[in-house]
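Inside the fold
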Amino acid sequence: MTERTIVITGASDGIGAAAAAILSGRPDTTLVLVGRSPAKIRAVAERLGVEYHVCDYTKLSEVRALAATLAKAHPVIDVLANNAGGVFSPRTVTGDGYETTLQVNHLAGLLLTELLLDPLRAGEGSVIFTASMAAFRGSIDLTDLGKQKGWSSFGAYGAAKLANIISARAMQRKYGSEGLHFASFHPGVVATSFGSTSGGVVKWLYASRLGKRVMRTPEDGADTLVWLATTKPGVDWRVGGYYSDRTLTDPPKQARDDTFGDRFLEASDLLIR
Ligand SMILES: NC(=O)c1ccc[n+]([C@@H]2O[C@H](COP(=O)([O-])OP(=O)(O)OC[C@H]3O[C@@H](n4cnc5c(N)ncnc54)[C@H](OP(=O)(O)O)[C@@H]3O)[C@@H](O)[C@H]2O)c1
């Protein structure tokens, strides 16, 4: 049995923690978990008996340090699940100078991916982005990525999740010939701690008993992530694709424009170099 190394970010709670619990039952898997809250990620990792790291995505220096530690400890990475994310309200700007929702959902995961390309190449690895159908409500303006004009929490979140879908497609075009595989997916509307860092109706809905009753469980929300992480790219799923409930799904219009996607990836790269 070949041992596979799977790194999951945003593993201290919700979908990431549920995916970790499911994958920890596989004898062929070395799990590496990443979370922001030291106490939460330690609790999850100790329960499962797996390695963990703490990293706050609002600080790109911590992402660089995490990548260096992971690359040293794991010269071969088979799967990187870029799952950390959320809605952050009111509008704030990180110490790196970027709008927080954009940085946590998109720029930090992109940076981690790029810094782990060598171990991913060694594993002919897959990179999975937890996107959202909120991307259908988002739009990206290359001249205003941080939405200085007309910011709203859900607009910023939709754009950041659109960025995840575009990243998977654009990185597939850029790195696919090097044996790497990329995909994004929508997990469904899932009863997690999502919304706790936002305001308004999103925060209320996710915290309410009614919301929790109509939403799917974190285990169900993790299903497509686990499926993408444990099946064969190019055989069981289409590389660069956007999935929902294990089904290839048409992405939003802006994500289907590959010329725009390449320009967006270049613009994002300039921000994290
Ligand atoms: N729940 C839904 O309905 C839904 C729908 C579509 C997409 N999604 C996406 O699914 C992913 C997981 O969300 P979830 O629903 O499981 O929510 P969650 O329970 O709030 O989990 C979010 C995870 O992201 C981590 N995170 C948040 N801010 C971070 C930061 N600054 N640096 C590093 N990590 C950070 C959290 O770490 P700590 O717990 O340690 O703070 C936690 O592990 C997100 O990308 C979200 O956008 C969720």
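As a further point, take the overall build of the protein chain. Tallying secondary structure elements over the protein chain gives 12 helices and 8 strands in all. Taking 273 residues into account, the globule formula puts the C-alpha radius of gyration at 19 Å, and the protein chain, at 17 Å, falls close to it. Along the first, second and third principal axes, the C-alpha set of the protein chain runs to 50 × 45 × 35 Å. Going through the 273 residues of the protein chain one by one, you find that 50% of them count as buried.

Let us look at the sheet that holds strand S8 (residues 247–248). Taking strand neighbours across the sheet as the criterion, the 8 strands line up as S3-S2-S1-S4-S5-S6-S7-S8 in an open arrangement whose pairing is mixed. Only two strands of the sheet have a single neighbouring strand rather than two, namely strand S3 (51–54) and S8. The strands touched by helix H6 (residues 153–175) are strand S5 (126–130), strand S6 (181–186) and strand S7 (242–244); relative to S6, the strand with the most contacts, the crossing angle is about 160 degrees.

Lining the immediate environment of the ligand, one finds 31 residues, of which Gly10, Gly14, Ser37, Tyr57 and Gly85 sit closest. Of all the elements in the fold, those that place two or more residues in the shell around the ligand are helix H1 (14–23), helix H2 (38–48) and helix H4 (100–115). Sorting elements by how many residues they give to the shell around the ligand places H1 first, with 3 residues. Considering only residue class, the shell around the ligand consists of 11 nonpolar, 16 polar and 4 charged.

On to the environment of alanine 11. Within the fold, alanine 11 resides in the loop between strand S1 (4–8) and H1. With 31 C-beta atoms counted inside 10 Å, the residue alanine 11 sits in the buried group. Distance in space between the C-alpha atoms of alanine 11 and lysine 40 is 9.0 Å, their sequence separation being 29 residues. Sequence-distant contacts of alanine 11, that is, excluding residues within four places in its chain, are made with Gly16, Ala17, Ala20, Leu33, Val34, Gly35, Ile41 and Val44.

So, on to unusual backbone geometry. The amide bond that connects serine 89 to the next residue, proline 90, takes the cis arrangement and shows omega of 5 degrees. Topologically, proline 90 is positioned in the loop between strand S4 (79–82) and H4. Residue lysine 147 is not a glycine yet carries a positive backbone phi of 50 degrees. In this fold, lysine 147 is placed in the loop between S5 and H6. In this model, aspartate 245 sits at a positive phi of 50 degrees, which is unusual for a non-glycine residue. The class of aspartate 245 is partly exposed, set by 14 C-beta atoms lying within 10 Å.

Most of S5 is tucked away, with 5 of its 5 residues classed as buried. Burial along S5 is two-sided: the residues Ser126, Ile128 and Thr130 and Val127 and Phe129 are all buried. The pairing of S4 with S5 spans 4 bridges and is classified as parallel. In the strand pairing of S5, valine 79 is matched with serine 126. Sheet analysis places S5 next to S6, joined by 5 bridges and oriented parallel. Paired with valine 127 across the two strands is phenylalanine 182, which belongs to S6.

Each value, and the rule that gives it
- Residues numbered from 1 in each chain as written.
- Predicted model: local features only at pLDDT ≥ 70, side-chain atom pairs only at ≥ 80, totals over all residues.
- Helix = DSSP H or I, 4+ residues; strand = E, 2+ residues; numbered from the N terminus.
- Rg over C-alpha atoms; globule rule 2.2 N^0.38 Å.
- Buried ≥ 20, exposed ≤ 12 C-beta atoms within 10 Å, placed from the backbone.
- Pairing = 2+ DSSP bridges.
- Contact = placed C-beta atoms within 7 Å.
- Axes fitted to C-alpha atoms, helices over the stretch in contact; angles between N-to-C directions.
- Near = placed C-beta within 6 Å.
- Nonpolar A, V, L, I, M, F, W, Y, C, P; charged D, E, K, R; others polar.

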